[in-house]
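Descriptive structure summary
So the chains spell out like this:
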Amino acid sequence: MAFPAYNTNGNSGSAETAGGPVTCSACGCRLQHAADLNGWLHFSPMAGRDARGCSVSCADEVHDARGHALSR
Ligand SMILES: [Zn+2]
Ligand SMILES: [Zn+2]
């Protein structure tokens, strides 16, 4: 029936990329930008856990724009 619309980037539906919110690749929590660190951090990490209570090793780490924790 309907011919599939030609999609140049294959990204339909989500606008949460390209300057939008960054989420952690490990637990999916939203990260906050830390301009002075040139990266993204979990909200209020506490004792290795993030604000939502996920016990992830990256809770205190800086993340890149794709949500991947950077090793120090
Ligand atoms: Zn993380
Ligand atoms: Zn989390």
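Rules used in this analysis
- Residues numbered from 1 in each chain as written.
- Chains lettered and ligands numbered in written order.
- Predicted model: local features only at pLDDT ≥ 70, side-chain atom pairs only at ≥ 80, totals over all residues.
- Helix = DSSP H or I, 4+ residues; strand = E, 2+ residues; numbered from the N terminus.
- Buried ≥ 20, exposed ≤ 12 C-beta atoms within 10 Å, placed from the backbone.
- Contact = placed C-beta atoms within 7 Å.
- Pairing = 2+ DSSP bridges.
- Core = buried A, V, L, I, M, F, W, Y, C linked by C-beta atoms within 7 Å.

**Considerations on the overall build of the chain**
- Check the secondary structure of the chain and you find 0 helices and 3 strands.
- In the chain, the succession of helices and strands from N to C terminus is β-β-β.
- Out of the 72 residues in the chain, the part that is buried amounts to 17%.
- If you take every contact in the chain between residues at least 6 apart in sequence, the share linking residues at least 24 apart comes to 33%.

**Observations concerning the environment of A47**
- Looking at the secondary structure, you find A47 in the segment after β3 (39–42).
- Counting along the chain gives 12 residues from A47 to A59, while the straight-line C-alpha distance between them is 8.5 Å.

**A few points about the pairing of β3**
- Taken together, the 4 bridges between strand β2 (residues 30–34) and β3 define a ladder with antiparallel strand orientation. Bridging across to β3, Q32 finds its partner in L41.
- Linking β2 back to β3 in an antiparallel pair, the connection comprises 4 residues, with N38 at a positive phi of about 55 degrees.

**Observations concerning the nonpolar core**
- Core analysis: the biggest nonpolar cluster contains 9 residues, these being V22, C24, L31, W40, L41, V56, C58, A59 and A69.
- Beyond its immediate sequence surroundings of up to four residues, V56 is in contact with A26, C27 and D50.

**Quick word on the environment of T23**
- Within the secondary structure, T23 is located in strand β1 (residues 22–23).
- Here the alpha-carbon distance between T23 and H42, two residues 19 residues apart in the chain, equals 8.9 Å.
- If near-sequence neighbours (up to four positions away) are discounted, T23 is found in contact with G28, C29, R30, L31 and G67.

**Points about the pairing of β2**
- In this sheet, β2 lies alongside β1 in antiparallel orientation, the contact comprising 2 bridges. In the strand pairing of β2, T23 is matched with R30.
- Linking β1 to β2, which pair antiparallel, is a turn of 6 residues; within it G28 sits at a positive phi near 85 degrees.

**Examining unusual backbone geometry**
- Unusually for a residue other than glycine, N38 sits at a positive phi of about 55 degrees.
- With respect to the helices and strands, N38 occurs in the loop between β2 and β3.
- In this structure, A47 takes a positive phi of about 50 degrees despite not being glycine.
- Overall, A47 belongs to the exposed group, with 7 C-beta atoms counted inside 10 Å.

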